[in-house]
Amino acid sequence: MSETKSTVDLEYLSQWVGREQHRSDDIHPWKASALSAAFDLDKVFFEGDTLPAAYQWMYFVDTPKASDVGADGHPKTGGFLPPAPFPRRMWAAGSMNLLHPLVCGQTAEKISTIRSVDFKSGRSGELFFVTVEHKTLQKGKTCLEEVQNLVYRAMPPVLAAGEEPKPMPAGVEAPIDADWREPAQADPVLLFRYSAMTSNNHRIHYDRDYAKTAEHYPALVVHGPLQATLLANFLSENLPDHSLVSFDFRAQRPIFDVDTFTLCGKQDGEKVSLWTESHDGYIGMWVDAVVQPNKSSPEEKV
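Residues numbered from 1 in each chain as written. Predicted model: local features only at pLDDT ≥ 70, side-chain atom pairs only at ≥ 80, totals over all residues. Heavy atoms only, no water.

Draft legend 1. Molecular detail of the nonpolar core. With 50 residues, the main nonpolar core has L226, L235, F247 and L274 as its most contacted residues. Apart from residues lying up to four places away in sequence, F247 is in contact with G94, S95, M96, A228, A232, L274, V287, D288 and A289. (Core = buried A, V, L, I, M, F, W, Y, C linked by side-chain atoms within 4.5 Å. Buried < 20%, exposed > 50% of the residue type's maximum accessible area, 1.4 Å probe, protein only. Contact = heavy atoms within 4.5 Å.)

Dropping the structure here:
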């Protein structure tokens, strides 16, 4: 074990593995309608309507007391989540399997379980990983299975007076052979609305000064889950006669509010690749999705 690695007590943090959290929510249709409106869509939801993929992130949200929030706006760790040794948090990747539609207006239960913790040290610095599994049930039936991959790392060094942050490193170049392409931009109003609806207090999404001076981003950061939701909507628009079966996503490079980006998709049978392409041609968010043709009911659509 390296000297750096010994500073993280992984044995102690592993005591959180297996810890569970149970929450309930009425899946009120107003929230789904509010998100639809934020996306400039006409869809209004009512009790009994199917909740679109990725809209579930507006429900079962954390509402910590002000004293339980860290300097970055995230809830402090050490309760359900293990006490992270580094302060900078990112939802780096995730997956969801859609077994049955979630229905608006019906009480649902979400069971969250810490599945693993890990520590790695490499070229990008010291990283602490937490994997959380979520199961969402309605009427005793599992409707949605999710895995959430959280990454914690150290804050960047404080800049000296007049010092500029290092430019963003080059990312992975986006494919050029998309079947579908649609321009998009997440302005500060959309970022604020999405933060409010998902109770995401992370200041990089609404506090420009904090994003630039504390975390060295050039502008406000577009939420990873927001990009994933836009891509799920994009998939539904382009394959309206298909249902989403699974949706695996991973963040590769930040997208910022000051730049336009592009929603992209490519279908290969029941497999669909989706990604956001930054204004300078790099992948922001990548998604591997699986779809299947609808059988009959319109409620089975994505």
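Draft legend 2. Fine view of the pattern of salt bridges. Applying the stated criterion across every chain yields a total of 11 salt bridges. Measuring nitrogen to oxygen at the nearest pair gives 3.0 Å for the salt bridge that ties D62 to R23. Here the residue D62 occupies a position in the loop between α2 (29–38) and β2 (88–98), and R23 occupies one in strand β1 (residues 20–25), the gap between them amounting to 39 residues. For D62, a relative accessible area of 40% translates into the label partly exposed. With relative accessibility at 18%, the residue R23 sits in the buried group. In this structure, E277 and R181 form a salt bridge, with 3.1 Å as the shortest nitrogen-oxygen distance. Of this pair, E277 sits in strand β9 (residues 271–277) while R181 sits in strand β6 (residues 180–184), and the two are 96 residues apart along the sequence. (Salt bridge = Lys/Arg side-chain N within 4 Å of Asp/Glu carboxyl O. Helix = DSSP H or I, 4+ residues; strand = E, 2+ residues; numbered from the N terminus.)

Draft legend 3. Structural view of the side chain of T229. If you trace the backbone, T229 turns up in helix α5 (residues 224–238). The class of T229 is buried, set by a relative accessible area of 0%. Setting aside residues up to four positions removed in sequence, T229 forms contacts with L35, F39, A54, Y55, W57 and Y194.

Draft legend 4. Layout of the sheet that holds strand β3 (residues 108–122). A sheet is described by the order of its strands in space; here 10 strands give the open sequence β1-β3-β4-β5-β2-β7-β10-β9-β8-β6, paired in antiparallel fashion. Pairing within the sheet leaves two strands with one partner each, and these edge strands are β1 and β6. In this sheet, adjacent strand axes meet at a mean angle of 20° when their direction is disregarded. Of the pairings in the sheet, the one linking strand β7 (residues 242–251) to strand β10 (residues 283–293) comprises nine bridges and is antiparallel in character. Counterpart to S243 in the pairing with β10 is Q292. (Pairing = 2+ DSSP bridges. Axes fitted to C-alpha atoms, helices over the stretch in contact; angles between N-to-C directions.)

Draft legend 5. Just the packing of aromatic side chains, in detail. All chains considered together, the criterion is met by 11 aromatic pairs. With a centroid separation of 5.6 Å and 65° between ring planes, the pair formed by W57 and F249 is classed as edge-to-face. A residue pair is termed long-range when its members are at least 10 positions apart, and W57 in the loop between α2 and β2 and F249 in strand β7 qualify at 192 residues. Exposure remark for F249: the relative accessible area of 4% places this residue in the buried category. Ring centres of F247 and F249 lie 6.2 Å apart, and the angle between their planes is 50°; on these two criteria the pair is classed as tilted. Here F247 matches F249 in class, with each residue buried. Taken together through their ring pairs, the aromatic side chains of W57, W91, F247 and F249 make up a single cluster. Residue placement shows K43 over the ring face of F45; its charged tip is 5.1 Å from the ring centre. Its guanidinium or amino end placed over the ring of F129, K120 lies 5.5 Å from that ring's centre, counting from NZ or CZ. (Phe/Tyr/Trp six-rings, centres within 6.5 Å; stacked < 30°, edge-to-face > 60°. Lys NZ or Arg CZ within 6 Å of the ring centre and 35° of its normal.)

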